[in-house]
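For reference, the chains in residue letters:
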Amino acid sequence: MRTRSEGDHGSVTTHTPARASTGGRDRYFDVLRFLCIIWVVVYHIFSTEAWLGFWPAMGLLFAISGSLMVRSLDRGALKTIKNRLQRLLPVLWLAGIIGVPLMFWHGWPADERPPLWRLVFWIFPLSDPPGSEWAASLTEPLWYMRSIVWFILLSPLLLILFRWYPRTMITIPLLVMVGVATGKVGFGWAGELGEGVLTDGFTFLSLWLLGFAHREGMLKKIPVPLVVTGGLALAAVATFWAFTHQEENSYDFNLIPAGQAIFSFGIVLILLRFAPKFSWVGNNKALDRLITIVNGRAMVIYLWHNVAIELSYPVGDKVGVWKLGETAGTAVCAVIAVLLTILGMLAFGWIEDVAAQRRPQLLPKDLGKKGGASTPAAPAAASGVTGGGQPEPPVSANVDDSTVSLPVSGAPVGTPPGGAWQATPASRPGWPDERPQPGVYGSPAPRDDQAYDNDRRYENDRRVPEQRRTSERAATYGTPRSGRFPDVPPQRDDVGWSAGPGTQSPRGRDDRPPSFDETGTIPRNR
């Protein structure tokens, strides 16, 4: 069955085992992705259980990928697209190298074989890669990779439009799916190749854009009661629709695209509004290791588990599991499917390391490192200061993981690394120039009040950080000229800072903190 299952420069963070062992990754995203992958496997094993569709696994995966895409795009659109495709496509190519010859070897009847030119979609999946009925377990999940490829290609334009018209951009896909549900909108005109692309695209586009809103810090501006009430209301409406408009005598959301789009949006909205740090995961080494492995092998598990489930029943027949009864036999086949999935992960997981430019490993250990290098444990790095006395640059992030670019320090939050701030932005290595960059694609031209002497900006500008932040805000990819979406000071809630850029240190992005006294407080007279 088919399911529709990716600090500003003055901030510091407390050193935790989770950050140290995972290269600064956002463990909340890692935990959510872990749950989604496990849930997809369980859903396919027990595909007749419609209630399993009430966890929006695929919608959440799209939202996470959309959030991470924004952070990458602000570092360059073309480079981001190249890197993202480089991370994604090798997994598909390996599946094609193995699967396509096997389909021809087993026999691919001419009456069900599409034109051979469509095999190009095994190289670049703008449409579903073709496959025989015998290999349906391999080809059915490929709709997800096709949708991700389209979203990656369209994200530079989508981000510009989203930063200009966020509410409109999020609302349009939901309204289109309502039109599909009521029969007012259809995609049959797009033909065999385009109908699935448009249906899946509009089903999950609102989730991808919801990830944009999370990364931009927009969700933090919405009061928690409103988010919870609105999200649950959308989920309730979608549930009512699913029960009253069942497909194949089932209320499974994976069979009802409109219901899935609205239900997933409501639940994911709530999950992204709360962004706890989940640093406690690092306290349990076994759990932390398991989450790291599943995240590092997510695509291989996703593509291989369906084949493993298909193979589990012939294997079960060979060992006579049905002699134990239907229930016990099904349970044994489920265990066989899990074991075969693990076997496939061990056999083919190395392709994800190669795609991520990491040293191939049997099981991934550190998803934030390239070339298999281990995390240095020098005392200077542990203190957040390099050997030269400079603040340690943030850990670099791969474009397809959830690494948060935060310097690691043992100092309390609010204390500058090394005990003092450097005199100019240039002395803070690893951070981009704070002034607007009119030459960057999608960036607005700087306003008149942004033309200041960079060497004397802090000595001459006595305005409070909030005023400076508004007038001197750095140009961001796709931001409107009018500055209609100003930076909002991040808020700290009971669960800690979220992974979004608007949820880091309360000091803001563009202001240089004044000097601190011995107690860590800001002096009244500067």
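Keep in mind that this is a model prediction, so the values were computed, not measured.

**Q** Can you explain the environment of tryptophan 150? Please cite residues and give values.
**A** Topologically, tryptophan 150 is positioned in helix α6 (residues 142-164). Through-space distance from the C-alpha of tryptophan 150 to that of serine 127 is 9.4 Å; in sequence the pair is 23 residues apart. Every residue in contact with tryptophan 150, bar those within four places of it in the chain, is listed here: Leu126 and Val197.

**Q** So what's going on with the pattern of salt bridges? Which residues, and what values?
**A** This model, assessed by the stated rule, comprises nine salt bridges. For arginine 27, the salt bridge identified is with aspartate 288, shortest N-O distance 2.7 Å. You can see arginine 27 sitting in helix α2 (residues 27-45) and its partner aspartate 288 sitting in helix α11 (residues 285-296), a full 261 residues away along the chain. Residue aspartate 288 is classed as buried on the basis of its relative accessible area of 8%. Note that aspartate 30 and arginine 33 form a salt bridge whose closest N and O atoms lie 3.2 Å from each other. A residue pair is termed a helical-turn pair when its members lie 3 or 4 positions apart in one helix, as aspartate 30 and arginine 33 do in helix α2 at three residues. Comparing aspartate 30 with arginine 33 shows no difference in burial state: the two are buried. Residues joined by salt bridges that share partners form a network here, namely Arg27, Asp30, Arg33 and Asp288.

**Q** Describe in detail the nonpolar core, supporting the description with residues and values.
**A** Where a protein is soluble and globular, its nonpolar side chains tend to be buried together. Counting residues in hydrophobic clusters, the biggest one holds 92 residues, and the most contacted among them are Phe62, Tyr144 and Phe212. Setting aside its immediate chain neighbours within four residues, phenylalanine 212 contacts Gly66, Ser67, Met69, Val70, Ser155, Leu158, Leu159 and Phe162.

**Q** Tell me what's going on with helix α9 (residues 224-244), and back it up with residues and numbers.
**A** Over its 21 residues, α9 runs 30 Å from end to end, which matches the ideal 30 Å to within 8%, given 1.5 Å per residue. Taken residue by residue, α9 has Val227, Gly231, Ala235, Ala238, Thr239 and Ala242 as its buried positions. Mapping the buried residues of α9 onto a view down its axis gives an arc of 105°, with all of them on the same face. What points out from α9, more than 90 degrees from its buried face, is the exposed set Pro225, Leu226, Thr229, Val237 and Phe240. On the buried face of α9, the contacting elements are α10 (257-273).

**Q** Give me the lowdown on the packing of aromatic side chains, citing residues and values where you can.
**A** In this structure the tally under the stated criterion is 24 aromatic pairs. Plain terms: the ring middles of tryptophan 304 and phenylalanine 348 are 5.7 Å apart, the flat faces sit at 65° to each other, and that makes the pair edge-to-face. Separated by 44 residues along the polypeptide, tryptophan 304 in helix α12 (residues 298-319) and phenylalanine 348 in helix α13 (residues 326-348) bring together distant segments of the chain. Since its relative accessible area comes to 25%, phenylalanine 348 is described here as partly exposed. One aromatic cluster is present, formed by Phe62, Trp143, Tyr144, Phe151, Phe204, Trp208 and Tyr302 through successive ring pairs.

Cut-offs and rules
Residues numbered from 1 in each chain as written. Predicted model: local features only at pLDDT ≥ 70, side-chain atom pairs only at ≥ 80, totals over all residues. Heavy atoms only, no water. Helix = DSSP H or I, 4+ residues; strand = E, 2+ residues; numbered from the N terminus. Contact = heavy atoms within 4.5 Å. Salt bridge = Lys/Arg side-chain N within 4 Å of Asp/Glu carboxyl O. Buried < 20%, exposed > 50% of the residue type's maximum accessible area, 1.4 Å probe, protein only. Core = buried A, V, L, I, M, F, W, Y, C linked by side-chain atoms within 4.5 Å. Expected span 1.5 Å × (residues − 1). Arc of directions from axis to C-beta. Phe/Tyr/Trp six-rings, centres within 6.5 Å; stacked < 30°, edge-to-face > 60°.

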